[in-house]
Amino acid sequence: MKRIISLNLNTSRKDGGCGECQTSCQSACKTSVANQKCEKSAK
Amino acid sequence: MTDIRLRRPTGRKSTEIMVHLFKRLGYNIAVDTASASVHVLDDVAYEAVSLYGKMSDEELIVAVAAKCGVTAADAAECLSNIRELVDAGTLFSEDRFRPDVSVLAKRDPVVKALCLHVAHTCNLDCDYCFASQGKYHGERALMSLDVGKRAIDFLIENSGSRHNLEVDFFGGEPLMNFGVVKDIVAYAREREKECGKHFRFTLTTNGMLVDDDVIEFSDREMDNVVMSLDGRKEVNDRFRKTAGGVGSFDIIVPKFQKFAEARGEKEYYIRGTFTHYNPDFMKDIDTMLGLGFTRLSMEPVVASPDSPCALTEDDKLVVMEQYELLAKRMIEMRRKGTPFVFYHYMLDLEHGPCIYKRISGCGSGTEYMAVTPTGELYPCHQFVGEERFRMGDIFGGVSEEGKKIRDEFRRCNAYSKPECDGCWARLYCSGGCAANAWHAAGDVNGVYSYGCDLFRCRMECALAVKASEVLDEAE
């Protein structure tokens with residue numbers, strides 16, 4: 001039986017860092033990166 | 001809830017290994033801190049992971065079998081599953097990212113986002129406003145179109161090879177200068193064609209001046225609209241009232257309902273603030289849902305500790321309970337086919353931020369800055385008016401003093417703060433908000449520990465919500 005289910009950074013170390021993702025302060029909270037999306041990965 | 005920390009010797013230095021194990025909403029969850037991998041475990045696996053690395057394999061198998069009432073063969077198979085994840089680098093993985101901090105520090109500074117303070121004035125007089133009724137401790141002022149255009153040029157000139165640029169219209173109340181907002185957007189649209197850039201715009205409004213013109217324009221040009229509403233009428237009207245003392249609830253709710261409906265598939269958030277007077281903010285979330293809003297954000301007040309609206313230690317437990325109630329409500333309503341969005345629970349585990357973004361955080365003071373109505377630059381909207389943080393202006397650029405401030409902010413990250421060393425959530429918060437740290441600890445490289453406690457609670461709830469989605473889909 002399956003006792004562990006994986007829901008999903010070392011990979012992103014190789015292909016990340018383009019800097020095109022949305023700045024988090026352009027979103028909703030304005031006062032307090034967890035919610036960010038990687039634009040390149042999502043394409 | 002437990003954090004398992006191991007240190008593995010590798011050459012002269014040992015590397016950090018941490019797994020955060022917790023139970024929320026009936027789910028057993030393990031977060032591998034370094035890889036940001038998230039695993040949902042049954043009770044046997046939860047026990048096995050909690051003992052991993054603390055004893056020999058044989059001892060672990062005996063202990064798990066005895067504690068969970070399974071056979072030794074079952075416990076051994078579970079251990080084998082754990083080993084597969086360890087070998088794949090998604091459980092008990094080593095944190096090798098610390099050297100990446102110096103890689104980021106050597107990059108040429110680019111600016112990719114500006115918060116444009118188009119109005120340092122407001123038609124509401126909210127006691128808790130960190131902007132002091134929109135004036136930021138200064139004089140009332142409106143940004144001219146010339147300053148707005150220069151801000152767009154400054155952003156383009158300093159954006160290097162970045163294609164996506166962002167501008168947030170902020171205040172005060174930006175709709176008190178709506179004509180200039182429209183003209184700045186038109187100018188940016190002209191410039192983006194010439195320069196091969198793409199602008200994304202956001203509007204943050206208290207709603208008082210929302211009309212058909214604002215709605216139509218925003219639908220066309222704004223990627224996101226943030227609408228300020230605190231929830232229950234009595235909660236909203238306690239703080240969000242006109243200078244004459246009239247509450248805004250009855251004025252803004254119909255406008256926001258029309259605005260939200262017109263947004264269609266485009267992004268918007270109803271954004272509330274909770275204070276010492278309403279730590280039970282789930283009632284405000286319910287009010288928002290009852291009014292038909294489905295994209296919500298509810299944030300703790302930013303206030304000095306001696307303010308009557310500041311959250312207290314006693315409030316913290318109430319707030320944490322609300323976060324869990326909110327997670328339950330999200331799961332329940334999704335299962336009923338009437339889902340809603342809560343900003344802080346929107347995690348994308350497949351396409352989340354890369355390690356470089358997680359280390360560097362929101363970019364305040366480096367790639368993100370605030371511009372005052374007269375063109376002065378500050379690290380972000382929460383520092384505007386604090387002379388010590390003035391970084392120059394959009395006409396002369398970042399000053400010599402501003403470059404020192406930029407370096408100070410660049411040194412703020414998930415690995416720069418000793419308090420973050422043992423925290424499982426540091427690659428989700430990136431070391432926390434510099435403004436919160438400045439207000440709480442007097443140092444942008446400090447921490448706001450109250451906020452840290454709330455953040456970790458929110459993250460656990462968000463991961464439980466995510467677990468429910470994935471497991472429901474698998475069934």
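A. Examining the overall build of chain B more closely. When helices and strands are counted, chain B shows 16 helices and 17 strands. For 475 residues, the compact-globule estimate of 2.2 N^0.38 gives 23 Å, and the C-alpha radius of gyration of chain B, at 24 Å, lies within 12% of that figure. Overall, the C-alpha framework of chain B stretches about 75 × 50 × 45 Å when taken along its three principal axes. Residues classed as buried in chain B amount to 58% of the 475 residues present. Of the contacts formed within chain B by residues at least 6 apart in sequence, a portion of 68% connects residues at least 24 apart. When the accessible surface of chain B is split by element, carbon and sulfur atoms take 51% of a total near 19100 Å².

B. Structural detail: the packing of aromatic side chains. Residue and element names in this part refer to chain B. In the structure shown here, the tally under the stated rule is 18 aromatic pairs over all chains. Here the aromatic rings of Phe 130 and Tyr 136 are separated by 6.4 Å at their centres, their planes lie at 70°, and the arrangement is edge-to-face. Phe 130 sits in the partly exposed class, given a relative accessible area of 25%. Between Tyr 269 and Tyr 343 the ring centres are 5.5 Å apart and the planes differ by 80°, which places this aromatic pair in the edge-to-face class.

C. A look at unusual backbone geometry. All names here are of chain B. In this structure, Gly 172 follows Gly 171 across a cis peptide bond, with omega equal to 10°. Considering the arrangement of structural elements, one finds Gly 172 in the loop between strand E8 (164-171) and helix H6 (178-195). Phi angles above zero are rare outside glycine, and Leu 25 is one such case at about 55°. Tracing the chain through its elements places Leu 25 in the loop between strand E2 (13-24) and strand E3 (27-32). For Leu 25, a relative accessible area of 21% puts it in the partly exposed group. The phi dihedral of Ala 36 is positive, around 60°, even though this residue is not glycine. Tracing the backbone shows Ala 36 in the loop between E3 and strand E4 (37-41).

D. Region of the structure containing the packing of helix H11 (residues 313-335) of chain B against helix H16 (residues 449-474) of chain B. Residue and element names in this part refer to chain B. The interhelical angle for the contact between H11 and H16, taken along N-to-C directions, is 15°, at an axis separation of 10 Å. With respect to H16, the element H11 is oriented roughly parallel. Regarding H11 and H16, the two cross each other, and that crossing is right-handed. Residues Glu 313, Asp 315, Lys 316, Val 319, Met 320, Tyr 323, Glu 324, Ala 327, Ile 331, Arg 334 and Arg 335 of H11 form the contact with H16, whose own contacting residues are Tyr 450, Asp 453, Leu 454, Cys 457, Arg 458, Cys 461, Ala 464, Val 465, Ser 468, Glu 469 and Asp 472. Looking at the contact of H11 with H16 residue by residue, the class counts come to 11 nonpolar, one polar and 10 charged.

E. Just helix H2 (residues 57-68) of chain B, in detail. Residues and elements named next belong to chain B. Its 12 residues place the ends of H2 16 Å apart at the C-alpha level, agreeing with the 16 Å of an ideal helix rising 1.5 Å per residue. Taken together, the buried positions of H2 are occupied by Leu 60, Ile 61, Val 64 and Ala 65. Along the axis of H2, the buried residues cluster in a sector spanning 125°; they form a single face. Exposed side of H2, more than 90 degrees from the buried face: Glu 58, Val 62, Ala 66 and Lys 67 are the residues found there. At its buried positions, H2 is contacted by helix H1 (43-51) and helix H3 (72-88). Two residues or fewer past H2, Gly 69 is found with a positive phi of approximately 70°.

F. Local environment of a nonpolar patch on the surface. Together, Leu 142, Met 176 and Leu 209 of chain B line one region of the surface with nonpolar side chains, adding up to about 240 Å² of accessible area. Tracing the backbone through its elements, the reader meets Leu 209 of chain B in the loop between strand E9 (198-205) and helix H7 (212-221).

G. A look at the state of the cysteines. Counted by the stated rule, this structure contains zero disulfides over all chains. For the unlinked cysteine Cys 18 of chain A, the closest cysteine sulfur is that of Cys 38 of chain A, found at 5.9 Å. Between Cys 429 of chain B, a free cysteine, and Cys 420 of chain B, which holds the nearest cysteine sulfur, the sulfur-to-sulfur gap is 5.8 Å.

H. Looking closely at the nonpolar core. Residues and elements named next belong to chain B. With 133 residues, the main nonpolar core has Leu 116, Phe 169, Tyr 323 and Tyr 345 as its most contacted residues. The dominant element in this core, judged by the number of residues it contributes, is H16, at 12 residues. Non-local contacts of Phe 169, meaning those with residues more than four positions away in its chain, are made with Leu 116, Val 118, Pro 174, Val 181, Ile 184, Val 185, Phe 201, Thr 202, Leu 203, Thr 204 and Met 222. Within the second largest apolar cluster, 27 residues are counted, among which are Val 19, Leu 41, Val 44 and Leu 91.

I. Spotlight on the pairing of E3 of chain B. Residue and element names in this part refer to chain B. Here E3 lies mainly inside the structure; six of its six residues are buried. With burial as the criterion, each face of E3 is covered, one bearing Tyr 27, Ile 29 and Val 31 and the other bearing Asn 28, Ala 30 and Asp 32. Two elements, E3 and E4, share five bridges in a ladder whose sense is antiparallel. Each bridged residue has a counterpart across the sheet, and for Asp 32 the counterpart in E4 is Ser 37.

J. Summary view of the pattern of salt bridges. Residues and elements named next belong to chain B. Throughout the structure, instances matching the rule amount to 42 salt bridges over all chains. In this structure, Arg 388 and Glu 408 form a salt bridge, with 2.8 Å as the shortest nitrogen-oxygen distance. Residue Arg 388 is located in the loop between strand E15 (376-378) and strand E16 (392-393), and its partner Glu 408 is located in helix H13 (residues 400-410); the two are separated by 20 residues in the primary sequence. The exposure class assigned to Arg 388 is partly exposed, which follows from its relative accessible area of 42%. On the accessibility criterion, Glu 408 (18% relative accessible area) is buried. Linking Arg 410 and Asp 407 is a salt bridge whose minimum nitrogen-to-oxygen distance equals 3.6 Å. Residue Arg 410 and its partner Asp 407 are located together in helix H13, separated by three residues, close to a single helical turn. The network of salt bridges with common partners includes Arg 189, Glu 192, Glu 216, Arg 220 and Glu 221.

So, how was this worked out
Residues numbered from 1 in each chain as written. Chains lettered and ligands numbered in written order. Predicted model: local features only at pLDDT ≥ 70, side-chain atom pairs only at ≥ 80, totals over all residues. Heavy atoms only, no water. Helix = DSSP H or I, 4+ residues; strand = E, 2+ residues; numbered from the N terminus. Rg over C-alpha atoms; globule rule 2.2 N^0.38 Å. Buried < 20%, exposed > 50% of the residue type's maximum accessible area, 1.4 Å probe, protein only. Contact = heavy atoms within 4.5 Å. Areas by Shrake-Rupley, 256 points an atom, 1.4 Å probe, with all protein chains shown as cover. Phe/Tyr/Trp six-rings, centres within 6.5 Å; stacked < 30°, edge-to-face > 60°. Axes fitted to C-alpha atoms, helices over the stretch in contact; angles between N-to-C directions. Parallel < 35°, antiparallel > 145°, perpendicular 65-115°, else oblique. Left-handed = near helix turned anticlockwise from the far one by under 90°. Nonpolar A, V, L, I, M, F, W, Y, C, P; charged D, E, K, R; others polar. Expected span 1.5 Å × (residues − 1). Arc of directions from axis to C-beta. Patch = residues over 30% accessible without salt bridge, like charges linked within 9 Å, V, L, I, M, F, W, Y side chains within 5 Å. Salt bridge = Lys/Arg side-chain N within 4 Å of Asp/Glu carboxyl O. Disulfide = S-S within 2.5 Å. Core = buried A, V, L, I, M, F, W, Y, C linked by side-chain atoms within 4.5 Å. Pairing = 2+ DSSP bridges.

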